[in-house]
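Geometric and topological summary
If you want the building blocks of each chain, they are given just below.
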Amino acid sequence: MKALIALMAGDGIGPEVTAEAVRCLNVVARQHGHDFAFEAAPVGAIAIETTGSPLPEPTLALAKRCDAILFGAIGTPKYADPTLKVRPEQGLLKLRQELGLYANLRPVTCFPSVYDVSPLKPELLAGVDIMVIRELTGGIYFGEKTRTETSATDICTYTVAEVERIVRLGATLARARRGKLCSVDKANVLETSRLWRSVVQPIMKDEFPDVALEHMYIDAAAMHLLRRPSDFDVVITENMFGDILTDEASMLPGSLGLCPSASLGTGTRGLYEPIHGSAPDIAGRGIANPYATILSAAMLLRHSLGLESEARQIEAAVASALADGVRTADLKPTGQPANTREAGDAVVARL
Ligand code: IPM
Ligand code: MN
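Residues numbered from 1 in each chain as written. Chains lettered and ligands numbered in written order. Predicted model: local features only at pLDDT ≥ 70, side-chain atom pairs only at ≥ 80, totals over all residues. Heavy atoms only, no water.

Turning to the overall build of the protein, a few remarks are in order. On a plain count of helices and strands, the protein comes out with 12 helices and 12 strands. In terms of overall dimensions, the protein is globule-like: its C-alpha atoms have a radius of gyration of 20 Å, near the 20 Å expected for 351 residues. With the C-alpha coordinates aligned to their principal axes, the bounding extent of the protein is approximately 50 × 50 × 40 Å. Across the 351 residues that make up the protein, the buried fraction comes to 52%. Here the analysis covers contacts within the protein between residues at least 6 apart in sequence; of these, 77% occur between residues at least 24 apart. In the form shown here, the protein has an accessible surface area of approximately 14,700 Å², with 56% of it arising from carbon and sulfur atoms. Computed over 35 positive and 42 negative side-chain charges, the separation of the two mean positions in the protein equals 1 Å. (Helix = DSSP H or I, 4+ residues; strand = E, 2+ residues; numbered from the N terminus. Rg over C-alpha atoms; globule rule 2.2 N^0.38 Å. Buried < 20%, exposed > 50% of the residue type's maximum accessible area, 1.4 Å probe, protein only. Contact = heavy atoms within 4.5 Å. Areas by Shrake-Rupley, 256 points an atom, 1.4 Å probe, with all protein chains shown as cover. Lys, Arg positive; Asp, Glu negative; His and termini not counted. Charge placed at Lys NZ, Arg CZ, Asp CG, Glu CD.)

Here we come to empty space enclosed by the protein. Scanning the model with the defined rule gives one cavity of 30 Å³ or more in all. Around the largest cavity sit Y158, V184, D185, T192, S193, W196 and E238, which together line it. Elements supplying a minimum of two residues to the lining of the largest cavity: β8 (180-185) and α7 (191-207). Of all the elements, α7 adds the most residues to the lining of the largest cavity, at three residues. Taken together, the residues of the lining of the largest cavity sort by class into three nonpolar, two polar and two charged. (1 Å grid on protein atoms, 1.4 Å probe; cavity = no way out; pocket = protein on both sides within 12 Å on 5 of 7 lines; lining within 4 Å. Points joined across faces, edges and corners; volume = space filled by probe spheres on them. Nonpolar A, V, L, I, M, F, W, Y, C, P; charged D, E, K, R; others polar.)

Each domain of the protein was delimited in the assignment, giving domain 1 (1-102 + 256-351) and domain 2 (129-251). For domain 1 and domain 2, the distance between their C-alpha centroids amounts to 25 Å. Listed as interface residues are 10 residues of domain 1 and, on the opposing side, 12 residues of domain 2. Here domain 1 packs against domain 2, burying approximately 1,000 Å² in sum over the two surfaces, 70% of which is carbon and sulfur. Broken down residue by residue, the surface that domain 1 buries against domain 2 is led by R96, Y102 and L256, which jointly contribute 54%. Taken together, domain 1 and domain 2 are joined by zero salt bridges. The interface formed by domain 1 and domain 2 contains one residue pair in polar contact (both at pLDDT 80 or more). In terms of residue count, helix α4 (residues 88-98) provides more of the side of domain 1 that touches domain 2 than any other element does, three residues in total. Taken together, the residues of the side of domain 1 that touches domain 2 break down into six nonpolar, three polar and one charged. (Domains from an automatic or database assignment. Buried area = accessible area lost by both parts, 1.4 Å probe. Salt bridge = Lys/Arg side-chain N within 4 Å of Asp/Glu carboxyl O. Polar contact = N/O pair within 3.5 Å; in protein donor to acceptor, adjacent residues only side chain to side chain.)

Attention now goes to α7. With 17 residues, α7 extends 24 Å between its outermost C-alpha atoms, agreeing within 8% with the 24 Å of an ideal straight helix rising 1.5 Å per residue. Among all positions of α7, only T192, S193, W196, R197, V199, V200, I203 and M204 are buried. Angular distribution of buried residues about the axis of α7 spans 170 degrees; they occupy a single face of the element. Among the exposed residues of α7, those pointing more than 90 degrees away from its buried face are E191, K205 and D206. On its buried face, α7 is in contact with β5 (129-135), α6 (160-175), β8, β9 (212-217), β10 (234-237) and α9 (239-249). (Expected span 1.5 Å × (residues − 1). Arc of directions from axis to C-beta.)

Set out below in structure tokens:
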């Protein structure tokens with residue numbers, strides 16, 4: 001298979017972790033006779049520095065003609081001030097919006113060999129296998145914003161169509177998994193959540209009667225995620241709830257460095273990124289955990305290129321490296337931690 005993969009390494013540890021994921025993709029390509037071409041483009045703070053924009057026109061153009069985007073991370077201390085007019089995050093938000101990447105898949109998998117990294121007790125982690133689908137192009141993130149001297153507003157809007165496509169995607173994925181869908185909202189308070197619920201109900205009843213549906217308030221979900229995480233299968237929720245819930249969920253595997261994601265739209269083009277940030281404190285030292293980005297590359301193979309067995313091969317290689325004790329500094333190594341390159345080497349060796 002021939003594919004053009006856009007490389008948007010971004011800032012901080014982005015370039016370090018994406019480099020290891022690219023090595024893994026190249027190994028798999030060689031083994032299976034695929035022809036992957038990579039084209040790099042600046043995004044985030046580095047793009048602001050060189051062009052003045054966090055998403056320069058050529059980067060967006062590449063995003064629109066490639067088959068998939070491997071994304072690192074964005075943000076540097078210089079642009080940390082949230083009141084700045086031009087910020088690295090705008091690059092990522094604009095990419096999501098321009099490409100119509102409305103569904104953000106964030107799998108939460110706990111690797112038994114690193115249960116000790118999680119702040120939760122191991123008995124709570126057994127059997128945890130959650131797929132959170134976060135709506136990614138609507139809600140409060142993209143609604144109108146106003147500001148006066150003494151007040152501010154962020155409008156949260158959802159349309160029926162925006163909810164429908166998330167419900168159908170979630171239910172379809174649930175059907176191929178454990179058959180459970182949990183829809184998370186705040187329908188006791190928010191009108192957008194009442195709309196959300198009213199869309200979920202008939203679709204599930206008419207089109208997915210075989211999938212068990214549960215509605216849960218976001219506050220309760222935040223609690224149950226820690227109390228009984230293995231009960232969750234597929235979770236669907238709106239943009240901001242999903243943002244918050246998935247950072248919380250990253251503490252089940254125990255590190256953001258183990259959490260990949262896929263952002264998908266209507267076609268097969270997708271954006272794949274670790275859910276962690278640019279980690280400026282350790283950037284440039286070669287010690288960041290590359291596993292989340294490597295696992296994101298596996299999702300790229302699965303969702304954009306339809307290469308399921310190659311995706312599994314990468315996932316198995318990461319699990320095996322972890323099982324053999326190849327741990328970066330974030331994974332509480334007992335001895336000398338593996339550095340970024342060594343963790344990448346361990347995966348490559350197992351591929
Ligand atoms: C994420 C990040 C982004 C978000 C930021 C960088 C805009 O936190 O991908 O989860 O809030 O969506
Ligand atoms: Mn986030």
